[in-house]
Amino acid sequence: MRDDFSRYFIMASIQADDALKRAQYFLRLAEQSTTQEDRRSLAGAAVILAVAYFSQGVEFRLVQALANATAEDGRRPSEPELQRQLPGGLIARMRLLATFLGGSWLRLDETQPGTVRLISAIRLRNRLVHEAGEHVMGSPVDLDCSIVGSVLTLQISIPEDPWEKVSLELARFVVDASESYFEDLERIVQNESHRKSTFFRRIPHRS
């Protein structure tokens, strides 16, 4: 009798590369820009798109690892069920991915310069996408205003502009790291390289 493959757990996914291609495109435009405002805007767009691509890659690998683990127990969860098991933040998912793929001996090394910079770029991306603003409401007494004659003075703190933190150098790093992070992870999990990892650290086994 022909096998109907019902005994097998199959997982397939296609990750669109449009985000990374567009990030590279905006980075090239930023490199050709002649004004600081244009460079920051285009480099910021490259950072946002590269982090989106990176986030999708982390999520896919985590869902795949969870699917493989549950399949070994004979379960066949749906993709939404697996996604609900993931932590909410990208940085937390990065930590979990290292442990899932490498076991107890592998950790995300948050002291490495590359990891520190990538996490900082992710947080900057969040500030760029959710740019903060100041809103005040109330009477002059509520807002601690000063009134001299017919002049009312209101002091409002101006929020820091996150776009001032964007640079061409940072955009180049994030676009590159959105792929090199996974290459580094695969090498260290497969033990294909003895050179020091850029983003991870091995935990010595205790005898």
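Scoring rules and cut-offs
Residues numbered from 1 in each chain as written. Predicted model: local features only at pLDDT ≥ 70, side-chain atom pairs only at ≥ 80, totals over all residues. Heavy atoms only, no water. Helix = DSSP H or I, 4+ residues; strand = E, 2+ residues; numbered from the N terminus. Buried < 20%, exposed > 50% of the residue type's maximum accessible area, 1.4 Å probe, protein only. Contact = heavy atoms within 4.5 Å. Core = buried A, V, L, I, M, F, W, Y, C linked by side-chain atoms within 4.5 Å. Axes fitted to C-alpha atoms, helices over the stretch in contact; angles between N-to-C directions. Parallel < 35°, antiparallel > 145°, perpendicular 65-115°, else oblique. Left-handed = near helix turned anticlockwise from the far one by under 90°. Nonpolar A, V, L, I, M, F, W, Y, C, P; charged D, E, K, R; others polar. Patch = residues over 30% accessible without salt bridge, like charges linked within 9 Å, V, L, I, M, F, W, Y side chains within 5 Å. Areas by Shrake-Rupley, 256 points an atom, 1.4 Å probe, with all protein chains shown as cover. Salt bridge = Lys/Arg side-chain N within 4 Å of Asp/Glu carboxyl O. Expected span 1.5 Å × (residues − 1). Arc of directions from axis to C-beta. Lys, Arg positive; Asp, Glu negative; His and termini not counted. Charge placed at Lys NZ, Arg CZ, Asp CG, Glu CD.

So, on to the overall build of the protein. Looking only at helices and strands, one finds six helices and four strands in the protein. When the helices and strands of the protein are listed from N to C terminus, the series reads α-α-α-α-β-α-β-β-α-β. Residues counted as buried form 32% of the 207 residues belonging to the protein. Of the contacts formed within the protein by residues at least 6 apart in sequence, a portion of 71% connects residues at least 24 apart.

Before going further, it helps to examine the nonpolar core. F54, M94, L118, Y181 and F200 are the most contacted members of the largest nonpolar core, which totals 46 residues. At the level of secondary structure, the elements contributing two or more residues to this core comprise α1 (18-32), α2 (36-72), α4 (90-102), β1 (106-108), α5 (113-129) and α6 (168-189). With 12 residues, the single largest contributor to this core is α2. Once residues within four sequence positions are removed from consideration, L118 is found in contact with F54, M94, F173, A177, Y181 and F199.

This part takes up the packing of α4 against α6. For the pair α4 and α6, interaxial distance at closest approach is 10 Å and the crossing angle is 30 degrees. One way to sum up the angle between α4 and α6 is to call them roughly parallel. Along this stretch, α4 crosses α6, giving a crossing that reads as right-handed. Facing α4, whose interface residues are M94, L97, L101 and G102, α6 presents Y181, F182, L185 and V189. Each residue belonging to the contact of α4 with α6 can be placed in one class, and the counts come to seven nonpolar, one polar and no charged.

This paragraph deals with a nonpolar patch on the surface. Judged by side-chain polarity, V136, I147, L152, L154 and I156 come together as a nonpolar surface patch covering roughly 420 Å² of accessible area. Secondary-structure assignment places V136 in the loop between α5 and β2 (146-148).

Along an α-helix, a turn takes 3.6 residues, which lines up residues three or four apart on a common side. Between its first and last C-alpha, α4 extends 18 Å over 13 residues, near the 18 Å set by a 1.5 Å rise per residue. Regarding α4, the residues found buried are L90, I91, R93, M94, L97, A98 and G102. Angular distribution of buried residues about the axis of α4 spans 155 degrees; they occupy a single face of the element. Of the residues one or two after α4, G103 is the one with positive phi, at around 80 degrees.

A few words on the environment of R117. Examined against the element boundaries, R117 turns out to sit in helix α5. R117 sits in the partly exposed class, given a relative accessible area of 30%. Not counting the four nearest positions on each side in its chain, R117 is found in contact with E169, L170 and F173.

Before going further, it helps to spend a moment on a negative patch on the surface. A cluster of acidic residues, D176, E179, E183 and E186, forms a negative patch on the protein surface. Note that E179 resides in helix α6.

At a minimum axis separation of 10 Å, α4 and α5 run at an interaxial angle of 150 degrees. The orientation of α4 relative to α5 falls into the category roughly antiparallel. Mapping the contact onto sequence places L90, I91 and M94 in α4 and L118, I119, I122 and R123 in α5. Here the residues of the contact of α4 with α5 sort into six nonpolar, no polar and one charged.

One pass over the structure, following the stated rule, counts eight salt bridges. The partner of E59 in a salt bridge is R93, and the shortest N-O contact between them spans 3.2 Å. With E59 in helix α2 and R93 in helix α4, this residue pair connects regions lying 34 residues apart in the sequence. When its relative accessible area of 15% is taken as the criterion, R93 is described as buried. Look at the salt bridges and you will find they share partners, linking R127, E160 and K165 into a network.

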